[in-house]
Amino acid sequence: MNDARMARIRDALLQQFPDAELDLQDESHLHAGHAGAASGRGHYRLRISSQAFDGQTPVARHRAIYAALGELMQTDIHALAIDARLR
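Every chain is numbered on its own, with residues counted from 1 as its sequence reads. Local features in this predicted model are restricted to residues whose pLDDT is 70 or higher, and side-chain atom pairs enter the listing and the counts only when it is 80 or higher, whereas totals over whole chains, interfaces and linings include all residues. Side-chain figures throughout are based on the complete set of non-hydrogen atoms in the structure, without hydrogens or water.

Topic: the overall build of the protein chain
Our working definition: Numbering of helices and strands runs from the N terminus, with a helix taken as a DSSP run of H or I at least four residues long and a strand as a DSSP run of E at least two residues long. Buried, partly exposed and exposed residues are distinguished by accessible area as a fraction of the type maximum, computed with a 1.4 Å probe on protein chains only: under 20%, between the cut-offs, and over 50%, respectively. Here, two residues are considered to be in contact whenever any of their heavy atoms come within 4.5 Å of each other. To be clear on the numbers: accessible area is Shrake-Rupley with a 1.4 Å probe, and residue cover counts the displayed protein chains and nothing else.
Within the protein chain, the secondary structure is distributed over three helices and three strands. Buried residues in the protein chain amount to 36% of all 87 residues. Pairs at least 24 apart in sequence give 67% of the contacts found in the protein chain among residues at least 6 apart. Put simply, the protein chain shows about 5,200 Å² of open surface, and 49% of that area lies on carbon and sulfur atoms.

As structure tokens, this is what we get:
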């Protein structure tokens with residue numbers, strides 16, 4: 001597990017969704033040998049709930065999360081499984 005990478009991801013999410021309850025799991029070890037793992041970027045599973053998702057469709061919630069993560073999607077994250085819910 002890359003603690004610094006996990007901290008950067010958490011910080012970015014909490015900056016955009018300060019009320020969020022989140023559970024971020026590093027699942028990179030499950031993808032060892034996978035072509036995407038060769039880049040050094042991680043595979044993660046995110047469960048997040050926030051009032052910011054009020055009135056948003058699931059697609060809009062995912063887009064908001066990707067926007068919050070910004071550059072991290074290119075530098076730190078190879079794959080992200082998202083479960084985003086209204087808090």
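Read on for the rest.
Description of the side chain of Asp-76
Tracing the sequence through the fold places Asp-76 in the loop between helix 3 (72-75) and strand 3 (77-86). Not counting residues up to four positions away in its chain, the partners in contact with Asp-76 are Arg-5, Arg-8, Arg-41, Gly-42 and Tyr-44.

Observations concerning the confidence of the model for the protein chain
Selection criterion: On a range of 0 to 100, pLDDT expresses the predictor's confidence in each residue.
Summing up the model confidence of the protein chain, the mean pLDDT is 92 and the portion of residues at 70 or higher is 90%. In the model of the protein chain, helix 3 stands out as the element of lowest mean pLDDT, 94, in contrast to helix 2 (residues 58-69), which has the highest, 98.

Topic: the packing of helix 1 (residues 3-16) against helix 2
Describing two packed helices takes the angle between their axes plus the distance from one axis to the other. Applied cut-off: Only the stretch in contact is used when fitting a helix axis, every axis being a line fitted to C-alpha atoms; angles between N-to-C directions are given from 0 to 180 degrees. With respect to orientation, any angle under 35 degrees is reported as roughly parallel, any angle over 145 as roughly antiparallel, any angle of 65 to 115 as roughly perpendicular, and every other angle as oblique. Left-handed describes a crossing whose near helix is turned anticlockwise from the far helix by less than a right angle; the clockwise case is right-handed. In this count, Pro and Cys sit with the nonpolar residues alongside Ala, Val, Leu, Ile, Met, Phe, Trp and Tyr, while Asp, Glu, Lys and Arg are called charged and the others, Gly among them, polar.
Where helix 1 meets helix 2, the axes come as close as 8 Å, and the angle between the chain directions of the two elements is 120 degrees. Classified by the angle between their axes, helix 1 and helix 2 sit oblique to one another. For the pair helix 1 and helix 2, the crossing hand works out as right-handed. Two secondary-structure elements touch here, helix 1 through Ile-9, Ala-12, Leu-13 and Gln-16 and helix 2 through Ile-65, Ala-68 and Leu-69. Of the residues assigned to the contact of helix 1 with helix 2, the class counts are six nonpolar, one polar and no charged.

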